[in-house]
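Each chain, written out:
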Amino acid sequence: MPDLSRRTALLSLGGAALAGTIAVAGAAAPANAAPTGAQPHRTVTVYLVRHGRTWLNQAGRVQGWSDSPLTDAGVATAANVGRNLAADIGGFDAAYSADMTRHFQTASGILAAAGSALVPTRVAGLREVSYGGWEGEKQSVVYPQLAAAGPLDTLEHIIDAFVASNPDKTLPAETWAQVAARMNDALTTAATDRTMPMRHGGKILAVSSGMSITCLLESLGAEVPGPLENGAVNVLTYAQGAWTVQSVNDTSYAG
């Protein structure tokens, strides 16, 4: 999604800004059955990071399945996250990114700065929301159309408004539910990979995008009190077939 925040977008349209508090350990999580082959007594920690600032972010254009490289500031953010996370947690046992340039570039920058030899595995399920025919359009053009499509009081309604107002139905837009489900599937597959070494205690780096991450966090019962910043770290744990959100939108590593 472009750099215009969800809160700012709502306010500019006269909608109410979303409110809430960061969900911590103990947030509601779905009672998913452990997938076949899972290790029921193993806890895996996922550091789910929003990519660094991109060219399309800077240009104020809608960026979902469309893509652009990181700006110099975005490259610097990835390096900061890598150095600071490594100093805090020691290292990663596995690394994943969405399959687009901005995500892979961010993940690679984090790993390099962390001194890790891992190469991120690209996973389509970690992509940003598809905005259909709105991809690449100026935000200033898109948001008035969303306001006409329906209420914008929740993230689910905002994303579903992209579907309802999609100007080119041959380019399908995704719903909140679709995005949350594929994000959950992608991360659960990573967390239950029995070939992953546990040298660092089962720590996984995953790089995705702001709206997709927020869809996942909300689907797990977390409240996200504003936009996820570029380079923000969100921590989740997976144990006994269920996810728990530990922290949301931690920007301390990016500075």
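Parameters at a glance
- Residues numbered from 1 in each chain as written.
- Predicted model: local features only at pLDDT ≥ 70, side-chain atom pairs only at ≥ 80, totals over all residues.
- Heavy atoms only, no water.
- Salt bridge = Lys/Arg side-chain N within 4 Å of Asp/Glu carboxyl O.
- Helix = DSSP H or I, 4+ residues; strand = E, 2+ residues; numbered from the N terminus.
- Buried < 20%, exposed > 50% of the residue type's maximum accessible area, 1.4 Å probe, protein only.
- Expected span 1.5 Å × (residues − 1).
- Axes fitted to C-alpha atoms, helices over the stretch in contact; angles between N-to-C directions.
- Parallel < 35°, antiparallel > 145°, perpendicular 65-115°, else oblique.
- Left-handed = near helix turned anticlockwise from the far one by under 90°.
- Contact = heavy atoms within 4.5 Å.
- Arc of directions from axis to C-beta.
- Pairing = 2+ DSSP bridges.
- pLDDT = per-residue confidence, 0-100.
- Polar contact = N/O pair within 3.5 Å; in protein donor to acceptor, adjacent residues only side chain to side chain.
- Phe/Tyr/Trp six-rings, centres within 6.5 Å; stacked < 30°, edge-to-face > 60°.
- Lys NZ or Arg CZ within 6 Å of the ring centre and 35° of its normal.

Per the stated rule, a full pass over the model turns up 3 salt bridges. Arg102 is paired through a salt bridge with Asp67; the nearest N and O atoms lie 2.9 Å apart. Highlighted residues: Arg102 in helix 4 (residues 101-113) and Asp67 in the loop between helix 2 (55-59) and helix 3 (72-89), separated in sequence by 35 residues. Since its relative accessible area comes to 30%, Asp67 is described here as partly exposed. Residue Asp99 is joined to Arg127 by a salt bridge in which the shortest nitrogen-to-oxygen separation is 2.8 Å. Of the two residues, Asp99 is situated in the loop between strand 2 (94-97) and helix 4 and Arg127 in the loop between strand 3 (121-122) and helix 5 (139-149); the sequence distance between them amounts to 28 residues. By relative accessible area, Asp99 is classed as partly exposed at 25%. In this structure Arg127 comes out as buried when scored by relative accessible area, which is 19%.

The end-to-end C-alpha distance of helix 7 (residues 176-191), which contains 16 residues, comes to 22 Å, matching closely the 22 Å that a straight helix rising 1.5 Å per residue would cover. Residues of helix 7 that are buried: Trp176, Val179, Ala180, Arg182, Met183, Asn184, Ala186, Leu187, Thr188, Ala190 and Ala191.

Turning to the packing of helix 3 against helix 4, a few remarks are in order. Relative to each other, helix 3 and helix 4 sit at 45°, their axes nearing to 7 Å. Relative to helix 4, helix 3 is oriented oblique. Considering the relative orientation of helix 3 and helix 4, their crossing is right-handed. Judged by residue contacts, Val75, Ala78, Ala79, Val81, Gly82 and Arg83 of helix 3 engage Gln105, Thr106, Gly109, Ile110 and Ala113 from helix 4.

Turning to helix 4, a few remarks are in order. In this model, helix 4 (13 residues) spans 18 Å end to end at C-alpha, consistent with the 18 Å of a helix rising 1.5 Å per residue. Among all positions in helix 4, only Arg102, His103, Thr106, Ala107, Ile110 and Leu111 are buried. Viewed end-on, helix 4 has its buried residues packed into an arc of 160°, placing them on one side of the element. On its buried side, helix 4 packs onto strand 1 (44-50), helix 3, strand 2 and strand 4 (203-208). The first or second residue beyond helix 4 is Gly115, which carries a positive phi of 75°.

All right, on to the sheet that holds strand 1 then. With respect to topology, 6 strands assemble into an open sheet ordered 3-2-4-1-5-6, the strand pairing being mixed. Edge positions in the sheet fall to strand 3 and strand 6 (242-250), since each of these pairs with one other strand and no more. Sheet topology note: the strand 1/strand 4 ladder contains 6 bridges and is parallel. Across the sheet, Arg50 pairs through a bridge with Ser208, a residue of strand 4.

This paragraph deals with the confidence of the model for the protein. The predicted model of the protein averages 87 in pLDDT, with 84% of residues at 70 or higher. The low-confidence segment residues 1-38, where pLDDT is below 50, has 98 contacts with residues more than four positions distant or belonging to other chains.

Take Ser165: it is sitting in helix 6 (residues 155-165). Of the polar contacts made by the side chain of Ser165, one reaches the side chain of Trp134; its length is 3.0 Å. In contact with Ser165, other than residues within four places in its own chain, are Trp134, Gln145, Leu146 and Ala149.

Of all 6 residues that make up strand 4, 6 are buried, and the element is covered over most of its length. Burial of strand 4 is two-sided: the residues Lys203, Leu205 and Val207 facing one way and the residues Ile204, Ala206 and Ser208 facing the other way are all buried. Note: strand 2 against strand 4, 4 bridges, orientation parallel. For Tyr96, the partnering residue across the bridge sits in strand 4 and is Ala206.

Attention now goes to the packing of aromatic side chains. Per the counting criterion, the structure on display carries 3 aromatic pairs. Aromatic pair Tyr47 and Phe92: ring centres 6.2 Å apart, planes at 75°, arrangement edge-to-face. Of the two residues, Tyr47 is situated in strand 1 and Phe92 in the loop between helix 3 and strand 2; the sequence distance between them amounts to 45 residues. We classify Tyr47 as buried; its relative accessible area is 8%. Here the aromatic rings of Tyr131 and Phe162 are separated by 4.4 Å at their centres, their planes lie at 50°, and the arrangement is tilted. Highlighted residues: Tyr131 in the loop between strand 3 and helix 5 and Phe162 in helix 6, separated in sequence by 31 residues. Phe162 gets classed as buried once you look at its relative accessible area, which sits at 0%. Looking at Arg122, its charged tip hangs above the ring of Phe104, at a distance of 3.8 Å from the centre. One residue, Arg127, lies across the ring of Trp65, its end atom 4.5 Å from the ring centre.

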